[in-house]
Amino acid sequence: EDIPVGSLLRVVKHCRKNVTIRQNGEYGILAPNNKGKYITHDVVFPNGTRCIYMPLNWEVVSYAK
C-alpha cells in the first residue's frame, strides 16, 4: 500500500504494550528516512522520537493529501 508521507498512523493493538509505544504514545506521522539504505520510512511521534516504520504494526488514521 502506498501511504503518503505525512499520514497520521496509530500502532495496532497487539503492539501497544511495547516499551517504545508506552514511552512515546500510540500515534505518529509517517516520515521519510534519509539516513537508511534499506529503511525508507520512519514514524515520528509527537515528542520528536523516531522509530522504524513496519507496515504490519501500524494502521492509517488519516491519509496526507
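None of the values given here were measured: they were computed from a predicted structure.

A. Local environment of the pattern of salt bridges. Per the counting criterion, the structure on display carries four salt bridges. Note that E26 is salt-bridged to R16, the shortest N-O span being 3.7 Å. Pair noted here: E26 is in the loop between α1 (19-24) and β2 (27-32) and R16 is in the loop between β1 (8-11) and α1, with a separation of 10 residues, a long-range link. D42 serves as the salt-bridge partner of R50, at 3.0 Å between the closest nitrogen and oxygen.

B. Main features of the environment of V60. Along the chain, V60 falls in strand β5 (residues 58-62). Judged by relative accessible area, V60 falls into the partly exposed class, the value being 25%. Here the alpha-carbon distance between V60 and T49, two residues 11 residues apart in the chain, equals 19 Å. The contact partners of V60, leaving out residues within four places of it in the chain, are I3, L8 and L9.

C. Region of the structure containing the sheet that holds strand β3 (residues 41-44). With antiparallel pairing, five strands are arranged side by side in an open sheet as β4-β3-β2-β1-β5. Two strands lie at the open edges of the sheet, namely β4 (50-52) and β5, each paired on one side alone. Ignoring which end each strand starts from, the neighbouring axes of this sheet average 40° apart. Across four bridges, the pairing between β2 and β3 is antiparallel. Bridging from a neighbouring strand, I29 pairs with V44 of β3.

D. Structural detail: the packing of aromatic side chains. Within this structure, the stated rule accounts for one aromatic pair. Between F45 and W58, the aromatic rings sit 6.1 Å apart at their centres with planes inclined by 55°, giving tilted as the arrangement. Taken together, the residues span a long stretch of sequence, with F45 in the loop between β3 and β4 and W58 in strand β5 at a distance of 13 residues. Each member of the pair F45 and W58 is classed as buried.

E. Summary view of the environment of C51. As for its position among the elements, C51 is in strand β4. Using a relative accessible area of 18% as the deciding quantity, one classes C51 as buried. Separated by 30 residues in the primary sequence, C51 and I21 have C-alpha atoms spaced 9.7 Å apart. If near-sequence neighbours (up to four positions away) are discounted, C51 is found in contact with D42, V43, F45 and W58.

Rules and cut-offs
- Residues numbered from 1 in each chain as written.
- Predicted model: local features only at pLDDT ≥ 70, side-chain atom pairs only at ≥ 80, totals over all residues.
- Heavy atoms only, no water.
- Salt bridge = Lys/Arg side-chain N within 4 Å of Asp/Glu carboxyl O.
- Helix = DSSP H or I, 4+ residues; strand = E, 2+ residues; numbered from the N terminus.
- Buried < 20%, exposed > 50% of the residue type's maximum accessible area, 1.4 Å probe, protein only.
- Contact = heavy atoms within 4.5 Å.
- Pairing = 2+ DSSP bridges.
- Axes fitted to C-alpha atoms, helices over the stretch in contact; angles between N-to-C directions.
- Phe/Tyr/Trp six-rings, centres within 6.5 Å; stacked < 30°, edge-to-face > 60°.

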